[in-house]
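# Commentary on secondary and tertiary structure
So the chains spell out like this:
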Amino acid sequence: MEEQLNTIKMRLEQAMAEYAKEDICLAFSGGVDSSLLLKAASDAAKKTGKKVYAVTFDSRLHPSCDLEIAARVAKELGGIHKVVSVDELEQEEIRFNPVNRCYLCKKKLFQTLKDFAKEMGISCVMDGTNEDDLHVYRPGIQALKELGIVSLLAQLHITKAQVKELAAEYGISVASRPSAPCMATRLPYNTEIDYDILDRIGQGEEFLRTLIKGNVRLRLHKDIVRIEVDLDAMGELVKNRDRIISFLKELGFSYITMDLEGFRSGSMDIGIEPIP
């Protein structure tokens, strides 16, 4: 196992060394995938004398903690941290959360990132898509391909588990940080995205994380909020039921349920086949 990890690490470093012969612009959320890339890119750029820009989107469709965490991790790893503000809901198509919302959002976000890179004279734009992302419903990946974004982890067939192992090996502080995807994933498709509702869902998830470790999601179905946590955290969820019910009802949620299947990424993607 250790030998395999060392091989993967060497492949990543060798590939990044080639890209670091020029400046790099990296879409940087402060999550484990983009942090691993930033570590590899920063180390490689120290040898070539090039720059690595770690660009975080300031977007209300992403958890508010992302900006703070991203700024801290970029400082730890050595990237030049930049923040680009975007409002996805300016695009009417996105506002009603269609099945291809992820494609539309990624197209808007990464076109903005490419425009920033062009201003800085950078041709190499990267993102943290990994091998596992290629095997589930991720319509945004098509937008990345159309825009010529470099998804190095996916190109090297590095899985999420391997990303976490490598991040721990490098001593990256967010190696075990749970993923924090777009807040629109908390709503069913073809439901109008409302910032007020997303803010309340975000507050609810933030409260739950003070009580429960690991992954936490609140999925909204009209007046029912469905709580997803990791299977081994269900006991803590039940143990704290009174506090959780009280807090979520104060936020305006009428019916509160625990999902017995537990947390799973993309649980709103019922009946949707992965992109081949």
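See the structure above.
My aim in this report is to walk through the structure given alongside it, one point at a time.

### Describing the side chain of Ser-34
If you trace the backbone, Ser-34 turns up in helix α2 (residues 32-48). Separated by 3.2 Å, the side chain of Ser-34 and the backbone nitrogen of Ser-29 make a polar contact.

### A few points about the pairing of strand β2 (residues 52-58)
Of all seven residues that make up β2, six are buried, and the element is covered over most of its length. Note that strand β1 (residues 24-27) and β2 share four bridges and pair parallel. Of the residues in β2, the one forming a bridge with Ala-27 is Val-55. Handedness of the crossover joining β1 and β2 through α2: right-handed.

### Structural notes on the environment of His-157
Looking at the element boundaries, His-157 is found in the loop between α7 (152-155) and α8 (160-170). Spatially, the C-alpha atoms of His-157 and Arg-186 are 28 Å apart, while their sequence positions differ by 29 residues.

### A short note on the sheet that holds strand β7 (residues 255-258)
Spatially, three strands are ordered β5-β6-β7 in an open sheet, and the strand pairing comes out mixed. The open sheet is flanked by β5 (216-221) and β7, the only strands paired with a single partner. Neighbour-to-neighbour, the strand axes of this sheet turn through a mean angle of 25°, independent of strand direction. Across six bridges, β5 lies against strand β6 (residues 224-229) in antiparallel orientation. Paired with Leu-218 across the strands is Ile-227, a residue of β6.

### Some details on the pattern of salt bridges
Taken as a whole and assessed by the stated rule, the structure comprises 21 salt bridges. One salt bridge in this structure joins Asp-43 and Lys-46, with 4.0 Å as the shortest N-O distance. A residue pair is termed a helical-turn pair when its members lie 3 or 4 positions apart in one helix, as Asp-43 and Lys-46 do in helix α2 at three residues. Take Asp-43: its relative accessible area is 24%, and that puts it in the partly exposed class. A salt bridge links Glu-228 to Arg-264, with the shortest nitrogen-to-oxygen separation between them at 3.7 Å. Remark: Arg-264 occurs in the segment after β7 and Glu-228 occurs in strand β6; sequence separation between them is 36 residues.

Definitions and cut-offs
- Residues numbered from 1 in each chain as written.
- Predicted model: local features only at pLDDT ≥ 70, side-chain atom pairs only at ≥ 80, totals over all residues.
- Heavy atoms only, no water.
- Helix = DSSP H or I, 4+ residues; strand = E, 2+ residues; numbered from the N terminus.
- Polar contact = N/O pair within 3.5 Å; in protein donor to acceptor, adjacent residues only side chain to side chain.
- Buried < 20%, exposed > 50% of the residue type's maximum accessible area, 1.4 Å probe, protein only.
- Pairing = 2+ DSSP bridges.
- Right-handed = clockwise from strand over helix to strand, strands pointing away.
- Axes fitted to C-alpha atoms, helices over the stretch in contact; angles between N-to-C directions.
- Salt bridge = Lys/Arg side-chain N within 4 Å of Asp/Glu carboxyl O.

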